[in-house]
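Spelled out, the chains give:
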Amino acid sequence: MALHKKFMSHAIRLSITKMVEGKGGPFGAVVVKNGKIIAEGFNKVTSTNDPSAHAEVVAIRNACKKLKSFQLTGCEIYTSCEPCPMCLGAIYWARPDRVYFANTREDAANIGFDDQFIYEEINRSIQKRKFKMKQFMRKEAMRAFDLWKKKGDKVGY
């Protein structure tokens, strides 16, 4: 339990120090492998003008770069807050063994980071979503999928 507290404390410390420094929102994350922090991330949305630069995504990018892998098998992620839908998607794609979080999404909503509308949008049909979406040129785009399906040296993920 002492190591878990150490890693979570590091994520929380990042969330505080980087927010106070004006780097972004109050979120921090670390990726741990074999009992050691191999990468960290903090929210950089406003300092980089990148809406995808959430703490978990930044930490995942840094860890994958360090490991030279697109998966985090054998790793754990410690994050100062329950992952938003985007971060949760990135976590699923990265495939760590476990995720630990401190604050809840309700806690985040109480300070203005309310992701509930995204959870609701995901469950709506495409026609009923806030952002209008229209499918077209499927036949042309299917060529890439057909080529992928036949590709002998593809690396699946």
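Anyway, here's the lowdown on the structure attached to this text. The residue numbering used here restarts from 1 in each chain and proceeds along that chain's sequence as written. This being a predicted model, a pLDDT of at least 70 is required before a residue's local features are given, and a value of 80 or more before pairs of side-chain atoms are given or counted; all residues contribute to the totals for chains, interfaces and linings. Excluded from the side-chain calculations are hydrogens and water; all other atoms, namely the structure's heavy atoms, are used.

**Details of the nonpolar core**
Nonpolar cores were defined as sets of buried Ala, Val, Leu, Ile, Met, Phe, Trp, Tyr and Cys residues, with membership established by side-chain atoms within 4.5 Å. Type-normalised accessible area, obtained with a 1.4 Å probe on protein chains alone, sets the label of each residue: buried when under 20%, exposed when over 50%, and partly exposed for intermediate values. Of all hydrophobic cores here, the largest spans 17 residues; its most connected members are Val 31, Ile 38, Ile 60, Ala 63, Leu 72 and Ile 77. Secondary structure elements follow DSSP: runs of H or I of four or more residues count as helices, runs of E of two or more count as strands, with numbering from the N terminus. Examining the composition of this core, we find that five residues originate from one element, helix H3 (residues 55-67), more than from any other. Every residue pair with non-hydrogen atoms within 4.5 Å of one another is taken to be in contact. Setting aside its immediate chain neighbours within four residues, Leu 72 contacts Val 31, Ile 60, Ala 63, Cys 64, Leu 67, Ile 77, Ala 94, Arg 95, Pro 96 and Asp 97. Of all hydrophobic cores here, the second largest spans seven residues; its members include Leu 14, Val 30, Val 32 and Tyr 78.

**So, the pairing of strand E1 (residues 28-33)**
Counting buried positions along E1 gives five out of six residues, so the element sits mostly inside the fold. Pairing between two strands requires that DSSP report at least two bridges joining them. Bridging between E1 and strand E2 (residues 36-42) involves six bridges; their strand directions are antiparallel. Residue Ala 29 lies in a different strand from E2, and its bridge partner there is Gly 41. Connecting E1 to the next strand, E2, in antiparallel fashion are two residues, including Asn 34 with a positive phi near 55 degrees.

**Description of the packing of aromatic side chains**
Within 6.5 Å between ring centres, the rings of Phe, Tyr and Trp (the latter by its six-membered ring) count as paired, and their orientation is classed by plane angle as stacked under 30 degrees, edge-to-face over 60, tilted in between. Tallied over the full model, the rule gives five aromatic pairs. An angle of 70 degrees between the planes, with centres 6.0 Å apart, marks the rings of Phe 70 and Tyr 157 as edge-to-face. Separated by 87 residues along the polypeptide, Phe 70 in the loop between H3 and strand E3 (75-81) and Tyr 157 in the segment after helix H7 (138-150) bring together distant segments of the chain. In this structure Phe 70 comes out as partly exposed when scored by relative accessible area, which is 44%. Seen from their ring centres, Tyr 78 and Tyr 100 are 4.6 Å apart, and the 15 degrees between their planes marks the pair as stacked. Note that Tyr 78 is positioned in strand E3 and Tyr 100 in strand E4 (residues 98-103), a separation of 22 residues in sequence. Classification of Tyr 78 as buried rests on a relative accessible area of 1%.

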